[in-house]
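Chain by chain, the residues:
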Amino acid sequence: NIVFTSADASSVRLKVRPDPPTELEKKCHSQWFYFRASAGQPGVVSYEISNAGATSYPEGWKALKVCASADRKVWTRVDTTNYAADAGALRWTYDHGGANPCSVYFAYFDPYDYERHLDLIARCAAAPGSR
């Protein structure tokens, strides 16, 4: 749900892709994003979602800190996240060097993927008193 716009060695520009239209409103919403980024070499990369101001709830970006994960299990918040309301852009930097891998996942919030769902179902089925 992210569209690659442009990149160079130290910056990446993206746009959030709208979701399909809702049945009730017949409106395309956009807010959530989840994607993998791979740096060609170690170093700090600047990321920008250039259409953040045109999403369904731009006010939601003000307090947001982008989530990052190398393994999609442990997620941390990216403290450099900043929403520039005047430009309508969400920006953050990430150091793809040192202890951080060159490949990382970014998201609006940590995804609750199907694997986690299956783990929950299995724990519930194994719980005492379950049928």
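Residues numbered from 1 in each chain as written. Predicted model: local features only at pLDDT ≥ 70, side-chain atom pairs only at ≥ 80, totals over all residues. Heavy atoms only, no water.

Caption draft 1: How the structure looks around the sheet that holds strand 8 (residues 89-95). Taken together, 5 strands build an open sheet; the order of strands is 1-2-4-8-7 and the sheet is mixed. The two strands at the open ends of the sheet, each matched to only one other strand, are strand 1 (2-7) and strand 7 (82-84). With strand direction ignored, the average angle separating the axes of adjacent strands in the sheet is 25 degrees. Judged from the 5 bridges that link them, strand 1 and strand 2 (residues 11-16) form a sheet pairing that is antiparallel. Bridging from a neighbouring strand, Phe4 pairs with Leu14 of strand 2. (Pairing = 2+ DSSP bridges. Helix = DSSP H or I, 4+ residues; strand = E, 2+ residues; numbered from the N terminus. Axes fitted to C-alpha atoms, helices over the stretch in contact; angles between N-to-C directions.)

Caption draft 2: Geometry of unusual backbone geometry. Of note, the phi angle at Lys26 is positive, near 60 degrees, even though the residue is not glycine. Along the chain, Lys26 falls in the loop between strand 2 and strand 3 (34-38). Look at Lys26 and you get exposed, because its relative accessible area is 63%. Backbone geometry at Arg72 places phi at a positive 65 degrees, although glycine is not the residue there. If you trace the backbone, Arg72 turns up in the loop between strand 5 (67-69) and strand 6 (76-77). (Buried < 20%, exposed > 50% of the residue type's maximum accessible area, 1.4 Å probe, protein only.)

Caption draft 3: Representation of the packing of aromatic side chains in the model. Using the criterion set out here, one finds 16 aromatic pairs in the structure. Ring centres 6.1 Å apart and planes at 40 degrees place the aromatic pair Phe33 and Phe35 in the tilted group. The residues Phe33 and Phe35 share a single accessibility class, namely buried. Relative to Trp92, the ring of Phe35 lies with its centre 6.5 Å away and its plane at 45 degrees, an arrangement referred to as tilted. Taken together, the positions of Phe35 in strand 3 and Trp92 in strand 8 put the pair 57 residues apart, joining distant regions of the chain. What makes Phe35 buried here is its relative accessible area of 9%. (Phe/Tyr/Trp six-rings, centres within 6.5 Å; stacked < 30°, edge-to-face > 60°.)

Caption draft 4: How the structure looks around the sheet that holds strand 5. The antiparallel open sheet is built from 4 strands, whose spatial order is 3-9-5-6. Only two strands of the sheet have a single neighbouring strand rather than two, namely strand 3 and strand 6.

Caption draft 5: Structural view of the nonpolar core. With 24 residues, the main nonpolar core has Phe33, Tyr47, Ile49, Leu90, Trp92 and Phe106 as its most contacted residues. Of all the elements in the fold, those that place two or more residues in this core are strand 2, strand 3, strand 4 (44-49), strand 8 and strand 9 (103-107). Those residues within four positions of Phe106 in sequence are excluded, and the remaining contacts are Phe33, Tyr34, Phe35, Ala37, Tyr47, Val66, Cys67, Ala68, Trp75, Val78, Trp92 and Tyr94. (Core = buried A, V, L, I, M, F, W, Y, C linked by side-chain atoms within 4.5 Å. Contact = heavy atoms within 4.5 Å.)

Caption draft 6: Quick peek at the environment of Arg77. Mapped onto the elements of the fold, Arg77 is located in strand 6. In this structure the C-alpha to C-alpha distance between Arg77 and Ala107, which are 30 residues apart in sequence, comes to 9.6 Å. In contact with Arg77, not counting residues within four places along its chain, are Leu64, Lys65, Val66, Cys67, Tyr108 and Phe109. A distance of 2.6 Å separates the side chain of Arg77 from the backbone oxygen of Lys65, its partner in a polar contact. (Polar contact = N/O pair within 3.5 Å; in protein donor to acceptor, adjacent residues only side chain to side chain.)

Bear in mind that shape data such as this cannot, by itself, settle questions of function.
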